[in-house]
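Chain by chain, the residues run as shown.
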Number of protein chains: 2
Amino acid sequence: MEESLQRLDAFFNPKSVAVIGATVKPGKPGQVIFKNLATSKQRGIYKGELYPVNPGEESLLGLKCYKTLSDCPGDVDLVAIIVPAKAVASVMEQAVTKHVKAAVIITAGFKEIGNKAMEDEVVSIAKRGNIRLLGPNCLGVFYSKSGIDTLFLPEMKTLSTGKEVVATPRPMFGSIAMITQSGAFGSAALDYLTGRQMGVSKFVSFGNKCDVSETEMLNYLMHDDETKVILVYLEDIKNGREFMKVAKECTLKKPVVMIKSGRSNAGARAAASHTGAIAGSDKVYDAVFEQCGIIRAKSMEEFFDYGKALAMQPPAEGSNIGILTDAGGPGVMTVDELETQGLTANHFEKETDDKFTKLQQEGKILMIAATHNPVDLTASVTDEQFTISADIMFQDPHTYGIIFLGLHHMPGLKENYIDDIAALTHKYHKPIVMVDIGETEMALFTRGRFDRLNVPAFGSPEDAARAMKALVWYGAYLKKNGAYEKYVKAFKSSAAPSHVQTKE
Amino acid sequence: MEESLQRLDAFFNPKSVAVIGATVKPGKPGQVIFKNLATSKQRGIYKGELYPVNPGEESLLGLKCYKTLSDCPGDVDLVAIIVPAKAVASVMEQAVTKHVKAAVIITAGFKEIGNKAMEDEVVSIAKRGNIRLLGPNCLGVFYSKSGIDTLFLPEMKTLSTGKEVVATPRPMFGSIAMITQSGAFGSAALDYLTGRQMGVSKFVSFGNKCDVSETEMLNYLMHDDETKVILVYLEDIKNGREFMKVAKECTLKKPVVMIKSGRSNAGARAAASHTGAIAGSDKVYDAVFEQCGIIRAKSMEEFFDYGKALAMQPPAEGSNIGILTDAGGPGVMTVDELETQGLTANHFEKETDDKFTKLQQEGKILMIAATHNPVDLTASVTDEQFTISADIMFQDPHTYGIIFLGLHHMPGLKENYIDDIAALTHKYHKPIVMVDIGETEMALFTRGRFDRLNVPAFGSPEDAARAMKALVWYGAYLKKNGAYEKYVKAFKSSAAPSHVQTKE
C-alpha cells in the first residue's frame, strides 16, 4: 500500500484508539462514541487498544481512564476528539508528541460558524506532526469489520415512555462505500441503508474537511477491494483539478454516484450558511461530472437506487430495454419513464417474435399476452411463463437490459419465479432490475428476496427505469473509454453477493 | 340523490348481489370474489342477500347455489359476472328480465383483444334494461363500508412452502377514492395504500369502460361525502368535453390527482396494445388538466404523495415555503427541489428574524442555529426547540407552508415533538409536511405517528418538496377560481382524521 493510503488506513484499521472526552453521561457524544468502541472491543470485533481520556474519571466501562492523551501508555494510532472547540488545539499538540497517525475531530464550532483561525491552528499543528485529520464538525468513521465507529448518534434511543427503539442503526457489511460532507445526511443514510438491507464497506463523514477531503477519500476507496460502488454527498468540491483527475481514474474501476447539493440558487445560498460551501455554477458541476464519469443523482432516492443497481448488476451495453410484466398499466408507466430518461423500449428482432409466437402456439403462454415489448403476460401469468419469457428476452440481440415488473398479486403466481429469474441472470451479462408494487407482506418479501439474489428490486416503475438509466449511462461511459469489457469481467467474476449479507 | 347517481350507487350499496360463476375451486376468480362477499356477509359487513350462481353446484360456503341468474329469488341489484366472454351476453339477457340495476363484468377477452362486436352486443343488451356496466376486463368495486369486494386478487396467498402470506390486502376505510383503468395498477395501489396506512373511501377499476367511464365516476365521487381526494389512473379519456366539464366542477370541491399514462410516444404505443387506448398528444392532456384544476402526477410516488398531502393538509395560499430542520444537508436538498418545482424559500420578514434572535439571546435555541430559512437547529436540537421555531415560522406573513425535516437521529430529540408539532398545526390554516429519513424502527414510528396526526410524512426531502408543490398548485387554482376560502373552511371544519383510522 502506498504511504498516503497507509496513513488514511489508520482511520479504518488503527491498532489503538484514544477517545478524548470519553464519558458515561447518557446522550453525550463522548458517551456514545466511547460506548460504540468499548462494545466493539468487548465483542472482539475491535481488536486493538482502547484508551478513554477524561481528567475527571478513574475508569469507564471497566477500562482504565487517562487524564490526558499524553498519559496513555504505548502508541496511539487514532484519536477521536469530542472536547470543546477551544481545547482541541492542546489535544492536537499532545497528539504530535505521541506520534498519532490520524485524528477525527467530532467537535463543531470552527470554520462553519466563522472561527476560521481556530481551525487553521489545528490544521497547522496536525501538519507539523504529519497527522491526518477528519472533520472538524463531522461524524467520522464507521467500518464494521474493524469495529471502528465514531458516530455520536446512538443506535438505540429511550423514548419518554421508557421504551427503547432502534434510532440510528449501523448497516451490515457490504460493498457500498459512502462519504459525506453532511453528517445528518450521513446518519440518515445509514438508517436507510440498514432498513433496505444494503451493506456498507466503509462510511466517512468529513464535515468541514480541514484536511482529508473527498479527493483523497475517493482515491482511498478506489484502491479498496471491499468497495464496489462509491456514494458521495457533497456541497462543494475543494480542489477541482485534483478531484477530476482522481475521479476519472476511479470511475473506470468502479462507479461513483454523487449528490452535489446546492444545485439551485436558493440551495447554494442555504449550503453556504450550512458548511460555508461556495458552490459555483451548477451547470459547471454537471459538465465536470459527465466528463469524469460520475453519475449525478438529483434526489435522495435516485442516489440510493443508482447505488443499489450498480452494486448488483453489470452496466448495459446499449440503451434499448426490454420490459416483462404481468401488469399492463405499470408496464406503460415504465415505458413512459424510460423514454423520459432517453432510453428506448423498441420492438424485438423477428427471431425473438418468432420464439414468442411459438410459445403461444404451444400453449406455454396465453394467446392474449402482448409479446412485442412490453411483454405483458396478463393477470393469468404463472411462474414458468415469466422465466421462459425472460430467457427469450435476454437472448434478443438489441435488448440490452430488462425491467421485470413481476407484480406478485396475480393469483397464479407463487414465489418460485423469484429464484428462477435470479438464476437465469447468471447466464447473461445483461442487467436486470425488478419492480413489485406494494407495501405489505408479500411485496416486501418479494423485493427482499430479489435483492438478496442480486436482482435489485424497486417499489415503483419509475424508480426502476431511473436505475436502469444509471446502468445504461455507466455502460456507455465505460465503452467510450475502452473499459467496459474489463469492468464487466471483473464484476461478473467477483465473489458472490458481498454487498448483501445476512446478519448472523 | 339524482337518478343517475342512484343508479351508480347500486355498485356500492346493493341490497342483493348475484355472483355468476361462483365456485370454491382455489385460485379461480369466481372463488375469490364469491368468498370476499360471503365472508363479508358472514361478518355482518355486507347486510344484503348473496346468491352464488353456478349450474354445477347445490350450495357454496353454506349458501344455496342457483343454476342461473333467473333462478335467483327476489330482486337482484348487482351482478358480478365471471363466466367466459361468450356466455356474458346470455347472462345480461337474464339481468334485463330480472331488472338488475348494475353489473360488474370481470371477464376479459372483449375489445381489448379485438372482440369489439361481442362487447357492443353486451352494451346494447344492458342499455335495453337500463343496467349500468363496469368493465369488462376489470376488477370492479371495493367499498369496505358495505362489504362489496369484486376483486379477484386474493387477500392471502399460499406459497409453495405452504406458508400463507398477505398478498393483496384491502385498505382500511378513509377519505381517498381511487378509480383506475388498469386493474393491475389498482390492485398494486391497494397494497401500497394499505401498507402506508392510507384509508380508502371507494375503489373502482373499470377496465374497458364499455359503459360507466371516468367522467361519471368522477361525478359520483364529487357528490360522495366520504371522499375528500380522488386519485385517477387513466390511459385515455373517453369523452373529453364532458370529462372537462365534470372535472372543472369537481376540482373546486375536492382535489383530483391523476396519472395519465402513455405520456411518451413509446408509452402511448404500449397503452394502445394494453387497453386499445388512443392517447392523443400528451401536451394536450397537460393543458386540459391545468385548465380543469387536475393535479397531474408523472410518477407513481408523486401520485400517492400528492393524494396523501391533499387529504391531510389544506392547500397553500402562496408559493414561498419555510424549512425547519435539524439536518443541514437534507435542508439544502429540500431547497434545491423546491426551486426546481418553482417554489421559493426566501428569508423571513424582519419581525420573524427578531423573534428568532430573541430566542437565541434567551438561550432557547443555540447561537449556532441558522435562522434565516432554512431554520437549522443543528444536531443539538431538542423537542421544545422544534415546536417554538415552527410556531414562529407559521406566524411569518410571507411563509405559506412549512416543510419540517425533523430527523429523529439527533441524541437530544425524543418523540414529544411529534404530537406537539401536530397540535400546533390546528392553530393555523397553513399546510405542513414532514420528512424523516430512514427505514428502521424509529423512522417508521415517527412517520407513522405524524401521518396518524394528519401531518403527512415522507421519506425523502424531494418527496416532501413535491407534495408541497401539489398543495401550492391546488391553492393557487382555488384562489384563481374564487373557491379557496370556502374549500379551506370546509376542509378545516370537516370531522377529524377520517382518512386515517386505526383498525379496531
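Residues numbered from 1 in each chain as written. Chains lettered and ligands numbered in written order. Predicted model: local features only at pLDDT ≥ 70, side-chain atom pairs only at ≥ 80, totals over all residues.

**Let's talk about the sheet that holds strand β16 (residues 295–296) of chain A**
Residues and elements named next belong to chain A. In spatial order, the strands read β9-β8-β13-β12-β14-β15-β16; together these seven strands make up an open sheet with mixed pairing. Strand pairing shows two members of the sheet lacking a second neighbour, β9 (148–149) and β16, which therefore form its edges. As judged from the three bridges shared by strand β8 (residues 140–143) and strand β13 (residues 200–205), these two strands associate in the antiparallel manner. For Val-141, the partnering residue across the bridge sits in β13 and is Val-204. (Pairing = 2+ DSSP bridges. Helix = DSSP H or I, 4+ residues; strand = E, 2+ residues; numbered from the N terminus.)

**Here's the deal with the pairing of strand β21 (residues 432–435) of chain B**
Residues and elements named next belong to chain B. Burial along β21 is two-sided: Ile-432 and Met-434 and Val-433 and Val-435, pointing in opposite directions, are all buried. Viewed along the sheet, the connection from strand β20 (residues 402–405) through helix α14 (residues 416–425) into β21 turns out right-handed. As paired elements, β21 and strand β22 (residues 457–458) share two bridges and run parallel to each other. Note on β22: the bridge partner recorded for Met-434 is Ala-457. Remark: the β21/helix α15 (residues 441–452)/β22 crossover connection has right-handed handedness. (Buried ≥ 20, exposed ≤ 12 C-beta atoms within 10 Å, placed from the backbone. Right-handed = clockwise from strand over helix to strand, strands pointing away.)

**Thoughts on the interface of chain B and chain A**
The interface of chain B with chain A comprises 82 residues on the first partner and 82 residues on the second. Secondary structure elements with two or more residues in the side of chain B that touches chain A: β11 (164–166), α5 (183–195), α8 (265–275), α10 (300–312), α11 (328–340), α15 and α16 (461–480) of chain B. Element by element, the count of residues in the side of chain B that touches chain A is highest for α11(B), at eleven residues. (Contact = placed C-beta atoms within 7 Å.)

**A closer look at the sheet that holds strand β2 (residues 49–53) of chain B**
Residue and element names in this part refer to chain B. The strand order across the open sheet built from five strands is β2-β1-β5-β6-β7, with neighbouring strands paired in parallel fashion. Edge positions in the sheet fall to β2 and β7 (132–134), since each has one partner strand and no second. Averaged over all pairs of adjacent strands, the angle between strand axes in this sheet comes to 15°, irrespective of strand direction. Examined bridge by bridge, strand β1 (residues 16–20) and strand β5 (residues 78–81) share four bridges and lie parallel to one another. Following the sheet pairing, Ile-20 is matched in β5 by Ile-81. (Axes fitted to C-alpha atoms, helices over the stretch in contact; angles between N-to-C directions.)

**What about the relation of the copies chain B and chain A?**
By a simple turn and slide, chain B fits onto chain A: the slide is 0.0 Å along the axis, the RMSD is 0.0 Å, and the turn is 180°. Such a turn and shift between the copies fits a two-fold axis. Judged by C-alpha distance, B:Glu301 is the residue of chain B that lies nearest the rotation axis, at 5.5 Å. When the interface residues of chain B are mapped onto chain A, 100% of them again lie at the interface, so the same face is used by both copies. (Least-squares fit on C-alpha atoms with pLDDT ≥ 70 in both.)

**What about the domain arrangement of chain A?**
Residues and elements named next belong to chain A. Domain boundaries assigned for chain A yield domain 1 (1–138), domain 2 (153–312) and domain 3 (314–493). Placing the centre of domain 2 and that of domain 3 at their C-alpha centroids yields a distance of 29 Å. Each side of the interface is counted separately: domain 2 has 13 residues, and domain 3 has 17 residues. Among the elements that take part in the side of domain 2 that touches domain 3, helix α10 (residues 300–312) stands out by supplying eight residues, more than any other. Residues of the side of domain 2 that touches domain 3, tallied by class, amount to seven nonpolar, two polar and four charged. (Domains from an automatic or database assignment. Nonpolar A, V, L, I, M, F, W, Y, C, P; charged D, E, K, R; others polar.)

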